[in-house]
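# A look at the structure
What follows is each chain in one-letter form.
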Amino acid sequence: MEPSYRIVPPSQIKTASINDTAGSLGLHDTLQYGIRSIATEIRGGQFENRIAKWEETQDNARLHMLANLYGPSAPMRLLMERQIVSASPHMPGMPQSNIHLDILMGRDETLDPTDFFLGLESGPPLSIHNEMEKKLRL
Amino acid sequence: MSQQSAFSSPGFDFSNSVRNNFLQEKGMPLPKATSTGTTIVGCLFKDGIILGADTRATEGEIIADKNCEKIHYITESIRCCGAGTAADTEFTTASISSNMELHALSTGRKPRVVTVMTMLKQYLFQYQGHVGAALVLGGVDSTGPHLFTIHPHGSTDKLPYVTMGSGSLAAMAVFESSWKPNMERNEALALVSAAVSAGIFNDLGSGSNVDACIITATQTEMLRNFVKPNERVEKERHYTFRRGTTAWKSENIRDLIVNEDITLVGATGDAMDIS
């Protein structure tokens, strides 16, 4: 993310895409999601974007302040440590835990809804093939 | 080797949002959550804080719970009353209570009311009012007694007496006419009961009994069902039928065991070798 002092994620330009609803053929999956309607795809994206980007935006603001106080090497070092620790050899479908990353991000002393739900908000992956595809394309 | 995102997921799954929007557009109504309706009050007195709440939980027009608890535990000397969506208030207060315990262990100090207030307001602001929790937070910490009110969008107020919920106007009327600073315990408790009772009798969303919680520097006293102005009276006549009103014509006992075949296993006399 670009350096900025924002603490709240900016509202995005309204877009409609088939990323959420695409089936294996790359088209809108009518069987699972109903007839495609651009109006429904646009509405309700703002709130989802806000809470998906919340931590990232706050973190970005903090790093920007660090850069102004101590120089650009301070956030660079923190980001490097995070990247080293994030490399995980496990399968993406299964619930994962990375305690080193939690400590670096300051999550070892708090409890979030994510910790209560253990990453099981959406249930077991419907198709492991899709998950593996997403992972290996990275 | 795949890169995990360093940030935790928000804890909510949005994969059904397109489908839900589509259904809503076609006219299907969203399911109604249990709301607490409610009258919750808080009041500062000489030795600390008194919190009060009614005990009715509604689900649309039906009463879902006639005796629910709206005064939630945060820490030993901090309590929080919750109005709005019942699940939201319970989950939020329980989650903040856990976080406060960890925080107190980590800092080694007694938890402060402002810390709870800050955690709650930051959480509620993040969810832009979708977490329907209107809270009255009160407690006594090392800096003294504090009373806050937190609205679902994240705004807070620090006041000597507060009311929230659908019965807040009735309760506030009582407070505005009788509150004075440095009241005695009995006076303050009577005032809080009167305020919650005003909500119970004048607001449809509030009812049943009055709960109160008295928090002082030395102890916290929870008075569950302190006043019960809505007890159901015993019926004047008995409507049960006496034994023998209807004679029975036939009796048929079915034995659950249809066919029993006993086979002894290992009982041929092979005793354990203990030589």
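Residues numbered from 1 in each chain as written. Chains lettered and ligands numbered in written order. Predicted model: local features only at pLDDT ≥ 70, side-chain atom pairs only at ≥ 80, totals over all residues. Heavy atoms only, no water.

With that settled, consider the overall build of chain B. In terms of regular secondary structure, chain B is built from 5 helices and 13 strands. Here the C-alpha coordinates of chain B stretch approximately 85 × 75 × 65 Å along the principal axes. In chain B, which comprises 275 residues, the share counted as buried stands at 41%. Counting only contacts in chain B whose residues sit at least 6 apart along the sequence, the fraction spanning at least 24 positions is 61%. Surface exposure of chain B reaches about 16700 Å², of which carbon and sulfur atoms provide 53%. Of the side-chain charges in chain B, 24 are positive and 29 negative, and the distance between the mean point of each set is 7 Å. (Helix = DSSP H or I, 4+ residues; strand = E, 2+ residues; numbered from the N terminus. Buried < 20%, exposed > 50% of the residue type's maximum accessible area, 1.4 Å probe, protein only. Contact = heavy atoms within 4.5 Å. Areas by Shrake-Rupley, 256 points an atom, 1.4 Å probe, with all protein chains shown as cover. Lys, Arg positive; Asp, Glu negative; His and termini not counted. Charge placed at Lys NZ, Arg CZ, Asp CG, Glu CD.)

All names here are of chain B. For strand β12 (residues 210-216), the buried fraction is high: 7 of the 7 residues fall into the buried class. Taking every second residue as pointing to the same face, both faces of β12 are buried, with Val210, Ala212, Ile214 and Thr216 on one and Asp211, Cys213 and Ile215 on the other. Bridge analysis of strand β3 (residues 48-53) against β12 gives 6 bridges, and the strand direction is antiparallel. Residue pairing in the sheet places Ile49 in a bridge with Ile215 of β12. Two elements, β12 and strand β13 (residues 220-227), share 5 bridges in a ladder whose sense is antiparallel. When the sheet's bridge partners are listed, Val210 is paired in β13 with Val227. The turn joining β12 and β13, which pair antiparallel and follow one another in sequence, is formed by 3 residues. (Pairing = 2+ DSSP bridges.)

Attention shifts here to helix α3 (residues 113-126) of chain B. All names here are of chain B. If you check α3, its first and last C-alpha atoms are 20 Å apart, about what 14 residues at 1.5 Å a residue would give, namely 20 Å. Looking at α3, one finds that the buried residues are Val113, Thr115, Val116, Met117, Leu120, Tyr123, Leu124 and Gln126. Positive phi shows up at Gln128, right after α3, with a value of about 55°. (Expected span 1.5 Å × (residues − 1).)

With the rule as written, the count across this model stands at 5 aromatic pairs over all chains. Linked through ring pairs, A:Phe47, B:Tyr123 and B:Tyr127 together constitute an aromatic cluster. One residue, A:Arg50, lies across the ring of B:Phe125, its end atom 5.0 Å from the ring centre. (Phe/Tyr/Trp six-rings, centres within 6.5 Å; stacked < 30°, edge-to-face > 60°. Lys NZ or Arg CZ within 6 Å of the ring centre and 35° of its normal.)

Let us now look at the interface of chain B and chain A. With 32 residues of chain B at the interface, the matching set in chain A holds 41 residues. Taken together, the two surfaces of chain B and chain A that pack against each other cover about 3600 Å², and 61% of this comes from carbon and sulfur. At the surface where chain B touches chain A, the tally comes to 0 salt bridges. Across the contact surface, chain B and chain A share 5 residue pairs in polar contact (both at pLDDT 80 or more). Counting residues per element, the ones that place at least two in the side of chain B that touches chain A are β1 (2-3), α1 (17-25), α2 (86-107) and α3 of chain B. Its residues placed into classes, the side of chain B that touches chain A shows 13 nonpolar, 17 polar and 2 charged. (Buried area = accessible area lost by both parts, 1.4 Å probe. Salt bridge = Lys/Arg side-chain N within 4 Å of Asp/Glu carboxyl O. Polar contact = N/O pair within 3.5 Å; in protein donor to acceptor, adjacent residues only side chain to side chain. Nonpolar A, V, L, I, M, F, W, Y, C, P; charged D, E, K, R; others polar.)

Per-chain confidence: chain B averages 90 in pLDDT, with 95% of residues scoring 70 or above. What the predictor reports for the complex is a pTM of 0.80 with an ipTM of 0.77. (pLDDT = per-residue confidence, 0-100.)

Take the pattern of salt bridges next. Taken as a whole and assessed by the stated rule, the structure comprises 9 salt bridges over all chains. Where B:Arg224 meets B:Glu69, a salt bridge forms, and the shortest distance between an N and an O atom there is 4.0 Å. Taken together, the residues span a long stretch of sequence, with B:Arg224 in strand β13 and B:Glu69 in the loop between β5 (62-65) and β6 (71-75) at a distance of 155 residues. Take B:Arg224: its relative accessible area is 32%, and that puts it in the partly exposed class. Across the pair B:Glu187 and B:Lys180 runs a salt bridge, and its minimum N-O distance is 2.2 Å. Connected via shared salt-bridge partners are A:Glu55, A:Asp102 and A:Arg107.

The next subject is the sheet that holds strand β9 (residues 144-150) of chain B. Residues and elements named next belong to chain B. Ordered in space as β6-β7-β8-β9-β10, the 5 strands form an open sheet in which the pairing is antiparallel. Looking at which strands have only one partner, the edges of the open sheet turn out to be β6 and β10 (156-158). Across the sheet, the mean angle from the axis of one strand to that of its neighbour is 20°, orientation sign disregarded. Sheet topology places β9 next to β10; 3 bridges connect them, and they run antiparallel. By the bridge assignment for β10, Ile150 is matched with Thr156. Packed onto the sheet, α2 meets β6, β7 (78-84) and β8 (133-141) and runs at close to 15° relative to β6. Across the face of the sheet, α3 comes into contact with β6, β7, β8, β9 and β10 while running at roughly 165° to β8. (Axes fitted to C-alpha atoms, helices over the stretch in contact; angles between N-to-C directions.)

Residues and elements named next belong to chain B. Of all 5 residues that make up strand β2 (residues 40-44), 4 are buried, and the element is covered over most of its length. Of the strand pairs in this sheet, β2 and β3 are connected by 5 bridges, and their pairing is antiparallel. Opposite Ile40, over in β3, you have Ala53 as the bridge partner. Connecting the antiparallel pair β2 and β3 is a turn made up of 3 residues. In this sheet, strand β11 (residues 161-164) lies alongside β2 in antiparallel orientation, the contact comprising 4 bridges. Each residue of the ladder has a partner; that of Val41, found in β11, is Thr163.

All right, on to the state of the cysteines then. All names here are of chain B. Following the criterion strictly, the structure yields 0 disulfides over all chains and no others. Lacking any disulfide linkage, Cys43 is separated from the closest cysteine sulfur, that of Cys81, by 12 Å. With no disulfide of its own, Cys68 lies 11 Å from the sulfur of Cys81, the closest cysteine sulfur. (Disulfide = S-S within 2.5 Å.)

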